[in-house]
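Structure assessment
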Amino acid sequence: MRSFEITGRDDKGRVPSKELDARIQAAVKGGEKHLTIDADGQHGIGGRIWPTEDGVTLEVNGYPGQRLGGMGMLGTKILVNTSASDDVGWVNCGAEITVLGDVSNGAHNAGAQGKLYVQGGGGARCDTLTKFNPRFAPVESWYFRDVGDSFAEFKAGGIAVVCGVDPRNPENILGYRSCVGMVGGTIYFRGPVEGVSEKDARITELTDADWEWLTSNFPAYLEAIDRAGYLEELTKSKGDWKKIVSLTPQERVTKGANRLSMEAFRRDSWEPGVGRGGIFADYLDIDHTIIPFVVTGENRRFVPSWDNDRYAPPCAYNCPTGIPTHERTKLIREGKEEAALDMVLRYSPFPGTVCGYVCPNLCMESCTRSIFLSDPVDVTLLGRLSIDRPAPAKEKARKERVSVIGGGPAGLSAAYQLVLKGYNVSLYEGEDNLGGKIHYCIPEDRLPGEVLSKELERFKGLGVDIHLSTKVDADLYGKIHDESDAVVLATGSHSPRTIPFPGYEHVLPGIVFLKEVTAGIERDLSGKKVVVIGAGNVGMDICVEAFNCGAAEVVAVDIQKPASFGKEQKMAAARGATIQYPKFTDHYDFEGKKIHFTDGTYLDADLAIISIGETPELEYLPKEIDLDRGHIRVDGVGQSNDPKVFAVGDVTKPGLITNAIGDGVRVAEYVHSLITKTEYEDDKRTIVPYEKLSFEWFDREREGGAVSCSTEGGKCMSCGSCRDCHICEHSCYWNAISRVEHENGTYEYVVDSDKCIGCGFCAGVCPCGIWDLTAAG
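Calculation criteria
- Residues numbered from 1 in each chain as written.
- Predicted model: local features only at pLDDT ≥ 70, side-chain atom pairs only at ≥ 80, totals over all residues.
- Heavy atoms only, no water.
- 1 Å grid on protein atoms, 1.4 Å probe; cavity = no way out; pocket = protein on both sides within 12 Å on 5 of 7 lines; lining within 4 Å.
- Points joined across faces, edges and corners; volume = space filled by probe spheres on them.
- Helix = DSSP H or I, 4+ residues; strand = E, 2+ residues; numbered from the N terminus.
- Axes fitted to C-alpha atoms, helices over the stretch in contact; angles between N-to-C directions.
- Parallel < 35°, antiparallel > 145°, perpendicular 65-115°, else oblique.
- Left-handed = near helix turned anticlockwise from the far one by under 90°.
- Contact = heavy atoms within 4.5 Å.
- Nonpolar A, V, L, I, M, F, W, Y, C, P; charged D, E, K, R; others polar.
- Buried < 20%, exposed > 50% of the residue type's maximum accessible area, 1.4 Å probe, protein only.
- Pairing = 2+ DSSP bridges.
- Salt bridge = Lys/Arg side-chain N within 4 Å of Asp/Glu carboxyl O.
- Polar contact = N/O pair within 3.5 Å; in protein donor to acceptor, adjacent residues only side chain to side chain.
- Core = buried A, V, L, I, M, F, W, Y, C linked by side-chain atoms within 4.5 Å.
- Lys, Arg positive; Asp, Glu negative; His and termini not counted.
- Phe/Tyr/Trp six-rings, centres within 6.5 Å; stacked < 30°, edge-to-face > 60°.
- Lys NZ or Arg CZ within 6 Å of the ring centre and 35° of its normal.

What follows is about empty space enclosed by the protein. Applying the stated criterion across every chain yields a total of 4 cavities of 30 Å³ or more. What the largest cavity holds in volume is close to 140 Å³. Forming the walls of the largest cavity are 16 residues, and the residues nearest its centre are Cys315, Cys367, Thr368, Val377 and Cys716. Listed by contribution, the elements that provide at least two residues to the lining of the largest cavity are helix H6 (314-318), helix H7 (325-333), helix H10 (362-366) and helix H11 (368-373).

Right, let's get into the packing of helix H18 (residues 537-548) against helix H19 (residues 566-575). Relative orientation of the contacting elements H18 and H19 amounts to 25°, with a least axis distance of 9 Å. It follows from the interaxial angle that H18 and H19 lie roughly parallel. Once H18 is placed against H19, the crossing between them reads as left-handed. Across from Asn537, Met540, Cys543, Val544, Phe547 and Asn548 in H18, the residues of H19 making contact are Glu568, Gln569, Met571, Ala572 and Arg575. Taken together, the residues of the contact of H18 with H19 sort by class into 6 nonpolar, 3 polar and 2 charged.

In terms of burial, strand E4 (residues 34-40) is a largely internal element, 5 of the 7 residues being buried. Note that strand E1 (residues 4-7) and E4 share 4 bridges and pair parallel. In the strand pairing of E4, phenylalanine 4 is matched with leucine 35. Here E4 runs beside strand E5 (residues 56-63); their pairing, made up of 7 bridges, is parallel. Across the sheet, aspartate 40 pairs through a bridge with tyrosine 63, a residue of E5.

With that out of the way, let us pick up the pairing of strand E25 (residues 594-597). Here E25 shows a clear split, with Ile595 and Phe597 buried on one side and none of Lys594 and His596 buried on the other. Relative to E25, strand E24 (residues 585-589) is paired through 4 bridges, and the arrangement is antiparallel. If you follow aspartate 589 over to E25, its bridge partner there is lysine 594. When E25 meets strand E26 (residues 602-604), the two strands line up antiparallel, connected through 3 bridges. Residue pairing in the sheet places histidine 596 in a bridge with tyrosine 602 of E26. Where E25 folds back on E26, the antiparallel hairpin that results is connected by 4 residues, among which glycine 600 adopts a positive phi of roughly 90°.

Oppositely charged side chains can pair when the atoms bearing their charge come close. Summed over the entire model, instances satisfying the criterion amount to 50 salt bridges. A salt bridge links arginine 629 to aspartate 628; the nearest nitrogen and oxygen atoms lie 3.7 Å apart. The partly exposed category is assigned to aspartate 628, whose relative accessible area is 33%. The salt bridge partner of aspartate 772 is lysine 692, with a shortest N-O separation of 3.8 Å.

Moving on: the environment of tryptophan 142. By secondary structure assignment, the location of tryptophan 142 is in strand E9 (residues 140-143). The sequence separation of tryptophan 142 and threonine 98 amounts to 44 residues, and the corresponding C-alpha distance is 9.5 Å. Excluding residues that lie within four positions of it along the chain, tryptophan 142 makes contacts with Leu116, Tyr117, Val118, Val161, Trp213, Leu214, Asn217, Phe218 and Tyr221. Within the structure, tryptophan 142 has its side chain in polar contact with the side chain of glutamate 140 (distance 3.1 Å).

What follows covers the nonpolar core. In globular proteins that are soluble, nonpolar side chains generally tend to be buried together. Of all hydrophobic cores here, the largest spans 63 residues; its most connected members are Val425, Leu447, Phe459 and Val488. If we ignore the near neighbours within four places in the chain, the residues touching phenylalanine 459 are Leu412, Ala415, Tyr416, Leu427, Leu434, Val464 and Ile466. In this structure, Leu58, Ile78, Val147 and Ile187 belong to the second largest nonpolar core, which totals 42 residues.

Before going further, it helps to examine the side chain of aspartate 558. Positionally, aspartate 558 belongs in the loop between strand E22 (553-557) and H19. Salt bridges are absent for the buried aspartate 558, whose nearest opposite-charge side chain, lysine 561, sits at 12 Å. Among the polar contacts made by the side chain of aspartate 558, one reaches the main-chain amide nitrogen of alanine 535 at a distance of 2.9 Å. Those residues within four positions of aspartate 558 in sequence are excluded, and the remaining contacts are Gly534, Ala535, Gly536, Gln580, Tyr581, Pro582 and Lys583.

What follows concerns the sheet that holds E26. A sheet is described by the order of its strands in space; here 3 strands give the open sequence E24-E25-E26, paired in antiparallel fashion. Looking along the sheet, the strands with just one partner apiece sit at the ends: E24 and E26. In this sheet, neighbouring strand axes are inclined to one another by 15° on average, regardless of whether the strands run parallel or antiparallel.

This paragraph deals with the packing of aromatic side chains. Counted by the stated rule, this structure contains 20 aromatic pairs. Measuring from ring centre to ring centre gives 5.6 Å for tyrosine 733 and tryptophan 734, while their planes differ by 80°; the resulting arrangement is edge-to-face. A residue is classified by how much of its surface remains accessible, and tyrosine 733, at 31% relative accessible area, is partly exposed. An aromatic cluster of three or more residues is present, and its members are Tyr117, Trp142, Tyr188, Trp213, Phe218, Tyr221 and Trp241. Lying across the ring of tryptophan 90, arginine 67 places its NZ or CZ 3.9 Å from the centre.

Below, the discussion takes up the sheet that holds strand E11 (residues 184-189). In sheet architecture, strand pairing relies on hydrogen bonds along the backbone and comes in two forms, parallel and antiparallel. Within the open sheet, the 11 strands sit side by side as E1-E4-E5-E6-E7-E8-E9-E10-E11-E13-E12. Their pairing is mixed. This sheet does not close on itself; its edge strands, each paired only once, are E1 and strand E12 (201-204). Neighbour-to-neighbour, the strand axes of the sheet open up by a mean angle of 15°, direction not taken into account. Sheet analysis places E11 next to strand E13 (residues 242-246), joined by 4 bridges and oriented antiparallel.

Once that is clear, we can look at the packing of helix H9 (residues 351-358) against helix H15 (residues 449-460). Relative orientation of the contacting elements H9 and H15 amounts to 150°, with a least axis distance of 8 Å. Judged by the angle between their axes, H9 and H15 are roughly antiparallel. Residue-level contacts link Pro351, Gly352, Thr353 and Tyr357 of H9 to Val451, Leu452, Glu455 and Arg458 of H15. Per-class residue counts for the contact of H9 with H15 are 4 nonpolar, 2 polar and 2 charged.

Turning our attention to the environment of isoleucine 511. Looking at where isoleucine 511 falls in the secondary structure, it is placed in helix H17 (residues 510-519). Residues isoleucine 511 and glycine 613, spaced 102 residues apart in sequence, show a C-alpha to C-alpha distance of 8.7 Å. Beyond its immediate chain neighbours, meaning those up to four positions away, isoleucine 511 contacts Lys437, Cys441, Ser493, His494, Pro496 and Glu614.

Pasting the structure below:
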């Protein structure tokens, strides 16, 4: 392999450390992947090389100085063909460092990620202050021989392996005063040790998982340090090895049973040193009686509370249908994938169609992982995985009949929920097919036809009495009204809005264009230029279909920043569509095939299409039903001024498909509560504040990683809903929190007020925002 050589000496003598680093950085920036460094005591060799594609390898000869690989980055590999000086791998951020010799004092000091492979031994204070970020793999340090004094001081994370081969001190391979202040991480060692701080750590046997990790990682380490022949010796018996781990908070309390009380410390240590009452005692006339500084029970200033599910998670809160994605992911984590995929069908008949394809996925947009890690739970995947799942079992049949007028998403949602509750449901649809705008207006590019067909077949299998090609007029409406216990209006908005500018009569309504395409009516736009007035979601669908009809150029214009979502805009842009705004249409010159704007500009337009929304067609309704600017006026649960009549979807106001489905869910629940004379319950919880959540506990999926049902379940931060992770229990220094399991299988975490000091650690460390700390009172 070709290697780019950089020397630590030139005709002027020794190259300064800063200059050598600049030469290394310049070579990497220039595209060099393999560098050979002839070092002459320079510091910081191989550090701070920003990650690049395929990474960078440095081979170091000579005499490297301190902090070799200091702040090394992910993708950097360093091979040192000799021993190395102090602080190798200082604050390592991901580099893999191999030293074919010994390392001096402070190796891997404050390391956070990456690996250090040492062919020899380590000096004093190696592996001090190492950290662990749960978003990344732990830092690893491997020593073939032994290490010096004060090893792993204040270690907070990472893994260290000390093999004990030909140690310099055969009686103590970890040196003296090791593990002082250790609070995390693991040390595997082979050989005798003395002086491990019993106040901070304990020595224990290896588990099967420990041994599996060691034996699976030894080959790579030994190969790297040219000691592969020792593999059999080092892995022949788990019993040859032990490990050191930090004491848990509970163990520290036990270990500290003989520690000084606050009163004894003040009386026997503090006051003899500074004087009774402190340095200002002579100026203060106060009682010097010692009182407890840390209190429990009723004397606490703050009291923690386990408020599981008090808040709504961002996904469910922002989903107009109210789908609790966090509950689905919980089932996935419990190994109940089928139950998770089935759960969504209790809320929507179209998880594949809507969640999987056409919805803008407000749940993913608001997902905490999206906010903090730009990596939301993939709800589109979960939706698509539910396409072939069966509908939920129907409840016991009831005698009441509910009629739904309109077979679009809102009407289908209401009918679906009601038939599942056991009602006799009649559905009236004026067109030849169910689905409304989902069927007639969304391009195949955005929604594969077989997906909707499968989910409609699932709906039809529930036994709804479906009347297709049945246009409801005033007479039929009266008959339906009289024969039903409740009526749900879901006829949508299908009358196109227009702007009466000169030439508007030659402009094609967008909904007409889309329905023509769905119906197979050919409109040859080959080589033609199309202008779409209105750049909302439907406008983007029109752009796509215009290209499908052969258009050479499609431009969408709008009077304001387009209201369309990114997904729809990207799909249209991928086909070649462009958007211009603000543009106010002045007139359309049909003969000249130009559309003119009030700013004096124009666009060539062989065909002009307008897509600025639609209004309901409500001629079938009696005049007693209240309207609001052409839409049916309803209250918060969809009830009109006729107590028997409800309305959902676009017939009440414009909205997304998921809004229409959510309307159907709520109306069905409210109708059911009226008929059964039960209390209607709506989720009135507020959204969990993002600041209550701790994203540091969660990893970001690496790009290119396989995505599956199980990966998405594991990613969910379970905002506002306990993940039963025990972190609060393990973090409580006073052992005041315990998990209580109930006979019905539920559980809760409870606080012993006689032990709790109200410190708030539980609220601070909770990943999911469950614990709250409130003022006592």
